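# Understanding the architecture of this molecule
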Amino acid sequence: MQRKKECVAMLLAGGQGSRLYALTNNIAKPAVAFGAKYRIIDFPLSNCINSGIDTVGVLTQYEPLELNEYIGNGQPWDLDRAFGGVHILSPYQAKKKSSWYEGTANAIYQNMSFMKKYNPGYVLILSGDHIYKMNYAKMLKRHIETGADCTIAAIEVPMSEASRFGILNTNDDGSIYQFEEKPKQPKSNLASMGIYIFTAEKLYKYLELDEQDPDSEKDFGKNVLPAMLNSGEKMFSYRFEGYWKDVGTISSLWESNMDLLGENPAFDVGDADWKIHSRNPLAPPEYIGMNAKVDNSMIALGCEIEGTVEHSILASNVVVEEGATVRDSVIMAGTVVRKGAVVEYSIIDENVVVEENAKVGAERGADAGIAVLGRNITIGAGATVEGGKILDKDYRGE
Amino acid sequence: MAHSTVGVIFSNIHDQNIPELSKHRTMASIPFVGRYRLVDFALSNMVNSGITTVGVVTKNNYQSLIDHLGSGKDWDLARKDGGIILLPPYSDETDAPYTTRLEALKGITGFLRHRKEDYVVISDCDGVCHMDYSEIVRFHEENRADVTMVYHREDSVESSYYITLEPDETGRIRGLKINPDVNGTGTFNLYVNVMVVRRQYLIDVIQDAVTRGFVSFGRDILTKNVDTIRIFGYEFKGYYAGITSIQKYYKHSMEMLNKEVRDELFGARDIYTKVRDSAPSKYFEGAAVKDSLISDGCIIEGTVENSILFRGVKVGKGSVVRNSIIMQDTVIESDVSLDCVITDKNVVIRDRRHLSGCAELPYFIAKGRML
């Protein structure tokens, strides 16, 4: 008897994330830290395991080292399995031809044998750059019920932003009659979330056809989906209502972090019914000191706070010394803010040192934008990093 | 070192010292410093000393311990060869489960025989410290000791069973006393229930003791043969918290608010524990937290001072928690005031309750109670 999986997930994690600038100098976008203890990829991986999908191929290409190490054997997500589990799929050398992944469709095409090994009925395509909680099992159920060849998860976006997305034009029953990639004049505001379920045989067929097309950019949104629609395949939208955020830019990453705060957060990572799994820091509880003030913030294990922290997200082992202030900021693991320093409206990557009395960023609302500091750098004592500045090297001031 | 030492942890011995906390669990699984259990310290010391096989001796109430340890993966001790090996009591028609350490050791001679390591480190779970066992094994080898007992200078002890040591200038133990009246006499050498012994020697001693009908490892073997057995004392000079009563539990917990203590315990290496995948703790607008340790999953709206909050604790609006230890998933609703209180897991304290104890006698609320 051949063993099989009902559904295999393929997670596209090769993106460079160039709009995150210094934050993705050496790591792939899905490995970027989020929400004090998570990384972006924790969300699709947790969604998979919470939806009962236990076979996930993670396609990496750009700076995969840290992402590979983070995923490891998949144990933190319960994805270390004898048959299935999480597998890193990097570009590889083949007998006839070797190449980097050229577009999303080609990346999946090159890993056809991985999918076929599990003999799945359906393939779920995911990307590693969104923060959301979604039950893929419900979407799969819809896919099976409608008898679709491809189901595309879709969310309503403000009409003014619709031209940034792949837009689905649908009939009343949810079937798609037109797919427009980033249309100048969008006809609807129903945007593709980049989450597709294919009936496996159809996927294989259209990936083969796409490979043979010399003019194709080998992209799902631009090539494969339109080709399927033109050939009259049955395509349905699956409406998603809930929090979904692309964290591909500095401002959206900042906003999405801040969405975790407050009594009724826009996005709740503490939901006991839909746990977000991650690797956990090995650190004692955070210590909030004698003169500390912590207000409207999220603080991870191992932090030592003696100063003031307001409306901020602090990852594990961050130190805020006495008299220092962190406001409206996202601080990643191991960063130290020394005495008298002020950090405002900033995103600071891991293991940065902000020396005494230095100033990073400008007041939020001052119109200067978010300051960004790349990992492992030092901002010298008394130095000023202006609002909106992006630094990836040590800075001692003028 | 790595392959020459096997660890043995006694999870139940000293249970009677803290009946409040060990009624439903072993000494080993008593929660400590927000996200740990006492066994995590002994176990992490072993892992950090390069020990990869640890036998955990249990007797009763060990469901919570099994749940905590799982496969051992959180300590990197899910191994094909060795790892964590649970050693529940062994008894046949003639034997009741053990009542003394010697009987417990007799019950694990099969485990000890099957191992190949040269030495055994035996540790109880009543001590919280950062101890490098490889150094003690080296000391043991250098002195060609039969038994090395680790001691710490203390000025008071509250345990129902304890041993004091009198080493000569070479470190050899010349006197060994059980439960001597030492409180109020200044400092003394308190045996901290960590011992290094050659594996084969231990097996031989147990066999011999069984044939002679001995029952107590301390009384029948160590004290009586202090002149013939080469027992050496190793002084542990670091921070040591002996959890020997609820008062000591409270006192030592509060010491964790000192940075120096935390740096020594957690700074140089990792203390491993079971992972729960809680979200990071959240502080709402108006929260006021001072001089406290807060664990993951906490949600704080009120005031918390000089306290330790375990995982998943909620402190509601207008509530004030001072000088208290609040264990896992306790819910403190609104306008509550707590001072010198210890709540066990899953306690619920309703609106407007006011409870207080004192440092000498903290007010204890048992697991799952609703007030």
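Our subject in this report is the structure included herewith. (Residues numbered from 1 in each chain as written. Chains lettered and ligands numbered in written order. Predicted model: local features only at pLDDT ≥ 70, side-chain atom pairs only at ≥ 80, totals over all residues. Heavy atoms only, no water.)

## A closer look at the layout of surface pockets
Considering only enclosed or pocket space, the largest pocket measures out at about 1,200 Å³ in volume. Thr 104, Ser 127, Asp 129, Lys 182 and Asp 219 of chain A are the residues nearest the centre of the largest pocket, which is lined by 39 residues in total. Elements supplying a minimum of two residues to the lining of the largest pocket: helix H3 (104-109), strand E10 (176-181), strand E11 (190-199), helix H7 (220-230) and strand E13 (244-246) of chain A. By volume, the second largest pocket amounts to about 630 Å³. Together, 19 residues line the second largest pocket, and Gln 75, Pro 76 and Arg 279 of chain A together with Asp 74 and Val 275 of chain B are the ones closest to its centre. Broken down by class, the residue content of the lining of the second largest pocket amounts to six nonpolar, seven polar and six charged. (1 Å grid on protein atoms, 1.4 Å probe; cavity = no way out; pocket = protein on both sides within 12 Å on 5 of 7 lines; lining within 4 Å. Points joined across faces, edges and corners; volume = space filled by probe spheres on them. Helix = DSSP H or I, 4+ residues; strand = E, 2+ residues; numbered from the N terminus. Nonpolar A, V, L, I, M, F, W, Y, C, P; charged D, E, K, R; others polar.)

## Brief notes about the interface of chain A and chain B
Listed as interface residues are 38 residues of chain A and, on the opposing side, 35 residues of chain B. Summing the contributions of chain A and of chain B, the shared interface buries around 2,900 Å²; its carbon and sulfur component is 49%. On the chain A side of the interface with chain B, the three residues burying the most area are Leu 282, Pro 285 and Tyr 287 of chain A, jointly 20% of the side's total. Counting every contact that joins chain A to chain B gives two salt bridges. Of the charged contacts in the structure, one is a salt bridge between Lys 317 of chain B and Glu 263 of chain A, with a shortest N-O distance of 3.2 Å. At the boundary of chain A and chain B, one finds 22 residue pairs in polar contact (both at pLDDT 80 or more). Counting residues per element, the ones that place at least two in the side of chain A that touches chain B are strand E14 (286-288), strand E15 (293-295) and strand E16 (297-299) of chain A. (Contact = heavy atoms within 4.5 Å. Buried area = accessible area lost by both parts, 1.4 Å probe. Salt bridge = Lys/Arg side-chain N within 4 Å of Asp/Glu carboxyl O. Polar contact = N/O pair within 3.5 Å; in protein donor to acceptor, adjacent residues only side chain to side chain.)

## Comments concerning the sheet that holds strand E20 (residues 319-320) of chain A
Pairing within the open sheet is mixed, and its eleven strands lie in the order E29(A)-E26(A)-E23(A)-E20(A)-E17(A)-E14(A)-E16(B)-E19(B)-E22(B)-E25(B)-E28(B). In this open sheet, the two strands that pair with only one neighbour each are strand E29 (378-379) of chain A together with strand E28 (363-365) of chain B. (Pairing = 2+ DSSP bridges.)

## Describing the pairing of strand E4 (residues 53-57) of chain B
Residues and elements named next belong to chain B. With five of its five residues buried, E4 lies for the most part within the structure. Side chains Thr 53, Gly 55 and Val 57 of E4 all project onto a buried face; the interleaved residues Val 54 and Val 56 project onto the opposite face, where all are buried too. Inspection of the sheet shows strand E1 (residues 5-10) paired to E4 by four bridges, in the parallel sense. By the bridge assignment, Val 8 is partnered in E4 with Gly 55. Note: E4 against strand E5 (residues 83-87), five bridges, orientation parallel. If you follow Gly 55 over to E5, its bridge partner there is Ile 85. Between the parallel elements E4 and E5, the chain passes through helix H3 (residues 63-69) in a crossover that is right-handed. (Buried < 20%, exposed > 50% of the residue type's maximum accessible area, 1.4 Å probe, protein only. Right-handed = clockwise from strand over helix to strand, strands pointing away.)

## Digging into the packing of aromatic side chains
A full pass over the atoms with the stated rule returns 20 aromatic pairs over all chains. Ring geometry for Tyr 196 of chain A and Phe 220 of chain A: centres 5.6 Å apart, planes at 40°, overall tilted. Taken together, the positions of Tyr 196 of chain A in strand E11 and Phe 220 of chain A in helix H7 put the pair 24 residues apart, joining distant regions of the chain. Looking at Phe 220 of chain A, the relative accessible area reads 1%, which means it is buried. Measuring from centroid to centroid gives 6.5 Å for Phe 139 of chain B and Phe 232 of chain B, while their planes differ by 75°, and the two rings are edge-to-face. Taken together, the positions of Phe 139 of chain B in helix H6 (residues 133-142) and Phe 232 of chain B in strand E12 (residues 231-235) put the pair 93 residues apart, joining distant regions of the chain. (Phe/Tyr/Trp six-rings, centres within 6.5 Å; stacked < 30°, edge-to-face > 60°.)

## Some remarks on the packing of helix H6 (residues 200-212) of chain A against H7 of chain A
All names here are of chain A. Here H6 crosses H7 at 115°, and the two axes come no closer than 10 Å. Here the hand of the crossing between H6 and H7 comes out right-handed. Where H6 approaches H7, its residues Lys 202, Leu 203, Tyr 206, Leu 207 and Asp 210 are matched on the opposing element by Phe 220, Asn 223, Val 224, Ala 227 and Met 228. Each residue belonging to the contact of H6 with H7 can be placed in one class, and the counts come to seven nonpolar, one polar and two charged. (Axes fitted to C-alpha atoms, helices over the stretch in contact; angles between N-to-C directions. Left-handed = near helix turned anticlockwise from the far one by under 90°.)

## A few points about the sheet that holds strand E18 (residues 303-305) of chain B
All names here are of chain B. Read from one edge to the other, the open sheet built from five strands follows the order E15-E18-E21-E24-E27, with strand pairing classed as parallel. Of all the strands in the sheet, the pair left with one neighbour each is strand E15 (288-290) and strand E27 (354-356). Between one strand axis and the next, the sheet turns through 5° on average, direction left out of account. Sheet topology places strand E21 (residues 320-322) next to strand E24 (residues 337-339); three bridges connect them, and they run parallel. Among the inter-strand pairings, Arg 322 is bridged to a residue of E24, identified as Asp 339.

Don't take any of this as a statement about function, it's just geometry.
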